[in-house]
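Understanding the architecture of this molecule
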Amino acid sequence: MRARGPAGWAFAAGFGWAVPWIGGCPFATPGSVLRDDADGTAAADADSPAEDPSAIPTVDALCQAPSPAEGDPWATETQVLAAQRLACHRDAADLPKVVLDHALQVAAQAHASYMAATGDYGHVEGDPEHPTSSGADALARVQAAGLTVDLATTRIEEVVAFVQGGIEAGAAVDLWVGTVYHRRPLLHPLTTRVGFGFADPYAVALALGPWDTAATGAATVVGTYPGDAQEGVPATFDSDRENPDPAPDHGLVGYPITVTVATGAWGPEATNPFDIRVDRDLATLVDARGDAVPVLILDPTRDPALLDTVAMVPEAALEPEAWYEVRLALTVAGEGLELAWAFETGS
């Protein structure tokens, strides 16, 4: 057993659309790069099986009166809007609140400005002599902003976006959240601090938190998205626009469902640090009629980019305004977990 993260291991990938490009690459953890080049943004009824279907309203409803963004008194209006939108998603998933970190904000804004000035899109600043360059990678940029990070105990992850014509802060957060790989850093249950940077047509987010629960002595923590009884969930996702493609033989699929976990015990595999094992026979998505929906199950044993996350991707678009129940049985560091929750798609 070890109580340290796989420091020094980095992973990059990409996500493509037809007008915005959105991407994520964590430093020392797996991630992805997202791009959208489409015109615009991505975009059988029954009673809810949830115990209290009105408990968690839609993300938009939660954002009608957003909580104030805390942690960085120098935050710009755009950075505050991004933080508020992320808070709405985390509220919908019943995840702990995060705060804006000034150093992460500085680092994210510096990288967005570099990409806007050079057109050098990605996570590596290839021109260190450029006057806007602030560091070759996310860790260097965060350190240049004055934040000391111990990668043995701390995750630091970066997602970036390019959207032709520009993108609003909330829309960038929605695009990151609406994927398999980019969602992870922002909706990780142990993420505590975030930072955002915007320089049209680029957006950057940095997320920071502990690798595991060892420091707090807490038991296993679990973060699911969509959240339990969440309403207004999108019905579709174009997997061809994300790289790695989570559903390479499909294209337009249902909205991805993810479970991210962390605990204090570590397994022997760097690509599956919490030794997550899914019982695929018991992993189901069921509609309100009780019919099983065909899904793809992705986990760290087969997809090292997920690291600490299990993803369920419906093989076809979900029905609008319909309730679905997720059922998962898995082990985390040898501990058995059985999860069941429900959500409703939007129109």
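Residues numbered from 1 in each chain as written. Predicted model: local features only at pLDDT ≥ 70, side-chain atom pairs only at ≥ 80, totals over all residues. Heavy atoms only, no water.

A word on the nonpolar core. Ranked by internal contacts, the top residues of the largest apolar core, which has 62 residues, are W176, F196, L285, M312, L328 and L330. Aside from chain neighbours lying at most four places away, what touches F196 is Q79, A82, A83, L86, L100, Q105, A108, Q109, V173, W176, V204 and A205. In this structure, A103, A108, I156 and V204 belong to the second largest nonpolar core, which totals 21 residues. (Core = buried A, V, L, I, M, F, W, Y, C linked by side-chain atoms within 4.5 Å. Buried < 20%, exposed > 50% of the residue type's maximum accessible area, 1.4 Å probe, protein only. Contact = heavy atoms within 4.5 Å.)

Let's shift gears to the packing of aromatic side chains. For the structure on display, the rule yields 6 aromatic pairs. Note on F162 and Y202: the rings are 5.3 Å apart at their centroids and 45° apart in plane angle, and the pair reads as tilted. Taken as a pair, F162 in strand β6 (residues 154–163) and Y202 in strand β8 (residues 202–210) lie far apart in primary sequence, 40 residues in all. By relative accessible area, which is 17% here, F162 ends up buried. For Y202, a relative accessible area of 7% puts it in the buried group. Pairing W266 with F274 gives two aromatic rings, centres 4.9 Å apart and planes at 50°, and the pair type is tilted. Here the two residues W266 and F274 agree in accessibility, since each one is buried. (Phe/Tyr/Trp six-rings, centres within 6.5 Å; stacked < 30°, edge-to-face > 60°. Helix = DSSP H or I, 4+ residues; strand = E, 2+ residues; numbered from the N terminus.)

Next up on the list: the state of the cysteines. For the structure shown, the criterion picks out 1 disulfide. Across a sulfur-sulfur distance of 1.9 Å, C63 and C88 are joined as a disulfide pair. An S-S torsion of about 120° defines the bridge between C63 and C88 as right-handed. Taken together, the residues C63 in the loop between α1 (59–62) and α2 (77–92) and C88 in helix α2 connect sequence positions 25 residues apart. By relative accessible area, which is 18% here, C63 ends up buried. (Disulfide = S-S within 2.5 Å.)

The next point concerns the pairing of strand β7 (residues 193–199). Of all 7 residues in β7, 6 are buried, a share of seventy percent or more. Examined bridge by bridge, strand β5 (residues 99–100) and β7 share 2 bridges and lie parallel to one another. Across the sheet, the residue bridging to V99 is R193, located in β7. Across 7 bridges, β7 lies against β8 in antiparallel orientation. Residue pairing across strands places G195 opposite L206, the latter belonging to β8. In this structure, the hairpin formed by β7 and β8 is closed by a connection of 2 residues. (Pairing = 2+ DSSP bridges.)

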